[in-house]
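Spelled out, the chains give:
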Amino acid sequence: MTRYALRLASLAAALTLWQVLTAADVDLWLRFSQFPTVTDVAHAFAGRLGGPDYWTDLTDSLTRILTGFLLAAVLGVATGVLVARSRLAEDLLGPVLEVVRPVPAIALVPVAILLFPSNEQGIVFITCTAAFFPVLVSTRHAVRALSPVWEEAVRTMGGGRGRILASVVLPGALPGIFGGLSVGIGVSWICVISAEMISGQYGVGYRTWQDYTVVDYPGVFVGMVTIGVLGWLTSTAVELLGRRLTRWLPRTSYVPAPRSPRRARGTAAPAPVRAATEPEVTHDQLV
């Protein structure tokens, strides 16, 4: 409860600082006088919640992000495992993937416009491309980092390729896979919002850009807050799913060390206490 209270206090402090700087029209290199106040954004947000456009934009953006991200998850994991496990696949697909990977997904907007018959399919394509490469790279590294002893043990017991894939490769690579999925969902939100601003007709990104063109700055911040909350919820869902599927992994938690009592000046330090784990075994007992 203390940690949650500290997080809420941090958020409240940030909002309070925003309100003070914007209400006082502070202009110290950064022009806070151009920003809307927290109360202005709250009023605009309340007005949007009562209208149908906000929920339509929300539904469209979530549909696009989930469709593109799920496609990227399936294709990225499959391609990563294939490239990591097959030299032929690495030689055939590796050069193409490494050439395309540095290209920003948002730079593929003209390609999507020319390639797909509708803007909706193009936005899903951009979202899928944005999340595909983080998932691919993390899966490839996770599979290559697996210990070969596990695979040899399965082969010794008569297991084939399918058994190795199901019982060794995929479970062992799950932590790395979900690391790539966590990165991919964040990148997907960046690219889907940018794509909606450029070629979308509905969505949170499209509405945010329209508010900017008509100089509705509180509406712009409503879109930014909505994007932040949606991104946080989706990334948290991916993280919770990863913890659920990898619950067999040992977990570590931060526990602060207890403070040692302050001893008086001139007194000797207490003797170290031997941990009560296993009894000592002498040489004669071993023999």
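The present account deals with the structure reproduced in this document. (Residues numbered from 1 in each chain as written. Predicted model: local features only at pLDDT ≥ 70, side-chain atom pairs only at ≥ 80, totals over all residues. Heavy atoms only, no water.)

Let us look at the pattern of salt bridges. Under the definition given, this model contains 11 salt bridges. Here R48 makes a salt bridge to D211, at a shortest N to O gap of 2.7 Å. Separated by 163 residues along the polypeptide, R48 in helix α2 (residues 38–49) and D211 in helix α9 (residues 204–213) bring together distant segments of the chain. For D211, a relative accessible area of 7% gives the class buried. The residue R48 makes a salt bridge to D216 at a minimum N-O spacing of 3.6 Å. One end of the pair, R48, is in helix α2; the other, D216, is in the loop between α9 and α10 (217–245), and 168 residues separate them in sequence. What makes R48 partly exposed here is its relative accessible area of 22%. (Salt bridge = Lys/Arg side-chain N within 4 Å of Asp/Glu carboxyl O. Helix = DSSP H or I, 4+ residues; strand = E, 2+ residues; numbered from the N terminus. Buried < 20%, exposed > 50% of the residue type's maximum accessible area, 1.4 Å probe, protein only.)

The next subject is the side chain of T22. For T22, the position within the fold is in helix α1 (residues 2–23). The residues touching T22, leaving out its near neighbours within four places in the chain, are F32, F35, P36, T37 and V38. (Contact = heavy atoms within 4.5 Å.)

Here we come to the side chain of R140. Among the structural elements, R140 can be located in helix α6 (residues 119–144). There is a polar contact of 3.2 Å between the side chain of R140 and the side chain of E98. Setting aside anything within four residues of it in sequence, one finds R140 in contact with G80, V83, A84 and E98. (Polar contact = N/O pair within 3.5 Å; in protein donor to acceptor, adjacent residues only side chain to side chain.)

Moving on to the packing of aromatic side chains. Using the criterion set out here, one finds eight aromatic pairs in the structure. Summarising the aromatic geometry, the rings of W18 and F221 are spaced 5.5 Å apart at their centres and angled 40° between planes, so their arrangement reads as tilted. Of the two residues, W18 sits in helix α1 while F221 sits in helix α10, which places them 203 residues apart along the sequence. Following the ring pairs from residue to residue traces out a cluster consisting of W18, F32, F35 and F221. (Phe/Tyr/Trp six-rings, centres within 6.5 Å; stacked < 30°, edge-to-face > 60°.)

Turning next to empty space enclosed by the protein. Counting across every chain of the model gives two cavities of 30 Å³ or more. Size it by volume and the largest cavity reaches roughly 80 Å³. If you trace the largest cavity, you find it lined by R48, Y54, D57, V204, R207, T208, D211, G219, V222, G223 and T226. Of the residues that constitute the lining of the largest cavity, the class distribution is three nonpolar, four polar and four charged. Counted as a void, the second largest cavity has a volume near 40 Å³. Considering the residues around the second largest cavity, the lining is formed by V109, A112, I113, S118, N119, G122, I126 and S199. (1 Å grid on protein atoms, 1.4 Å probe; cavity = no way out; pocket = protein on both sides within 12 Å on 5 of 7 lines; lining within 4 Å. Points joined across faces, edges and corners; volume = space filled by probe spheres on them. Nonpolar A, V, L, I, M, F, W, Y, C, P; charged D, E, K, R; others polar.)

It is worth stressing that arrangement in space is one thing and function is another; only the former is reported here.
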